[in-house]
Amino acid sequence: MISFGICEQGAVRKENQDAILMCREGGSGLFIVADGVGGSQDGGAASRLITGSFQHWWDEVLLPNRQLSFPEVFAQAKARTERLNEELYRHHGSGQCCSTIALLLIHRRIYGFLSAGDSRIYHCGARGLRLLTRDDTWENRPDGNRHPGFSGRILSAVGGYRALEYSCATARLGFRDCFFLCSDGFYRFADKDLMEKQLCAVRQKLFPDPTPLRLLAEGVVEKQTDDNYSAILVKV
């Protein structure tokens, strides 16, 4: 398993409220992109709390117990996310200190993802590139209410509400699967055709290097992103 990551402040923001986590050992891996919500008082503290908590879980729980089944491990990841939401909400109140989360867990030839907010996870397999997650934003409300004045407003984030709503799913790993996690500050400015081309090329390489991620990031910078931008590339 190979992974590369980037987490940058960008040219406009005064603070980087994004945080990323990349952990891998043998056939297991844990990868997170957390994007502190800009309208909250301290989104950066929320994103760092998420990645720090999962780093501790990886070191102290998962690695010493790698014999656990995937369902057992994934259930722990979901429970930890829910506890982080409760902790942030209890100490700061609704929307005061919150962050998106895009989490990818790989263990025993199975992968699972968990998502809240508008950070994304893409999968590149035998059938090409596809988006695994759905943006939890106003325009994607299930009731169809798409008032233009609320376009882009996040409806779910860790610490944003008393009860966290998130999407998750699991599947078996395929041959040479690749994954791409990124914040909205990355994908809003990234060239989608180039992204698919680069990720499909990574999938064909036995030992890829960071060049595809660097090329995609250069494209984001050229478009003068007004946000922090983060991404993780994973090749199984």
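In this text, all values refer to a predicted model and were calculated from it rather than measured experimentally.

A.B. asks: I'd like a rundown of the packing of helix 4 (residues 192-204) against helix 5 (residues 211-222), residues and numbers included.
C.D. replies: In contact at an axis separation of 10 Å, helix 4 and helix 5 are set at 170 degrees when each is read in the N-to-C sense. Judged on the interaxial angle alone, helix 5 and helix 4 are roughly antiparallel. Residues Leu194, Met195, Gln198 and Val202 of helix 4 form the contact with helix 5, whose participating residues are Pro212, Leu215 and Leu216. Among the residues forming the contact of helix 4 with helix 5, the class breakdown is six nonpolar, one polar and no charged.

A.B. asks: I'd like to hear about helix 1 (residues 43-62), residue by residue, with values.
C.D. replies: With 20 residues, helix 1 ought to run about 28 Å at 1.5 Å a step, and its terminal C-alpha atoms sit 27 Å apart, in line with that. Along helix 1, the positions that sit buried rather than exposed are Gly43, Gly44, Ala46, Ser47, Ile50, Thr51, Ser53, Phe54, Trp57, Trp58 and Leu62. Structurally, helix 1 contributes buried residues whose contacts are with strand 2 (18-25), strand 3 (28-35), helix 2 (70-92) and strand 4 (101-107).

A.B. asks: Give a description of the pattern of salt bridges that names residues and reports values.
C.D. replies: Under the definition given, this model contains four salt bridges. Two residues, aspartate 135 and arginine 120, come together in a salt bridge whose shortest N-O distance is 2.8 Å. Within this pair, whereas aspartate 135 is found in the loop between strand 7 (128-131) and strand 8 (167-172), its partner arginine 120 is found in strand 6 (residues 120-125), the two being separated by 15 residues in sequence. Each member of the pair, aspartate 135 together with arginine 120, is buried.

A.B. asks: Lay out the pairing of strand 3 with the relevant residues and their values.
C.D. replies: Along any regular strand, the residues point their side chains to alternate faces of the sheet. Of all eight residues in strand 3, eight are buried, a share of seventy percent or more. Side chains Ser28, Leu30, Ile32 and Ala34 of strand 3 all project onto a buried face; the interleaved residues Gly29, Phe31, Val33 and Asp35 project onto the opposite face, where all are buried too. Inspection of the sheet shows strand 2 paired to strand 3 by eight bridges, in the antiparallel sense. Across the sheet, isoleucine 20 pairs through a bridge with valine 33, a residue of strand 3. The antiparallel pairing of strand 2 with strand 3 creates a hairpin that spans two residues between the two strands, and glycine 26 there sits at a positive phi of about 60 degrees. Pairing of strand 3 with strand 4, which is carried by five bridges, proceeds in the antiparallel orientation. Residue pairing for strand 4: leucine 30 is matched across the bridge by leucine 105.

A.B. asks: Explain the sheet that holds strand 9 (residues 178-182) to me, using residue names and the numbers behind them.
C.D. replies: The five strands lie next to each other as 1-10-9-6-7, forming an open sheet whose pairing is antiparallel. The open sheet terminates on both sides in strands that have one partner only, identified here as strand 1 (2-8) and strand 7. Neighbour to neighbour, the strand axes of the sheet diverge by 15 degrees on average, direction disregarded.

Conventions we followed
- Residues numbered from 1 in each chain as written.
- Predicted model: local features only at pLDDT ≥ 70, side-chain atom pairs only at ≥ 80, totals over all residues.
- Heavy atoms only, no water.
- Axes fitted to C-alpha atoms, helices over the stretch in contact; angles between N-to-C directions.
- Helix = DSSP H or I, 4+ residues; strand = E, 2+ residues; numbered from the N terminus.
- Parallel < 35°, antiparallel > 145°, perpendicular 65-115°, else oblique.
- Contact = heavy atoms within 4.5 Å.
- Nonpolar A, V, L, I, M, F, W, Y, C, P; charged D, E, K, R; others polar.
- Expected span 1.5 Å × (residues − 1).
- Buried < 20%, exposed > 50% of the residue type's maximum accessible area, 1.4 Å probe, protein only.
- Salt bridge = Lys/Arg side-chain N within 4 Å of Asp/Glu carboxyl O.
- Pairing = 2+ DSSP bridges.

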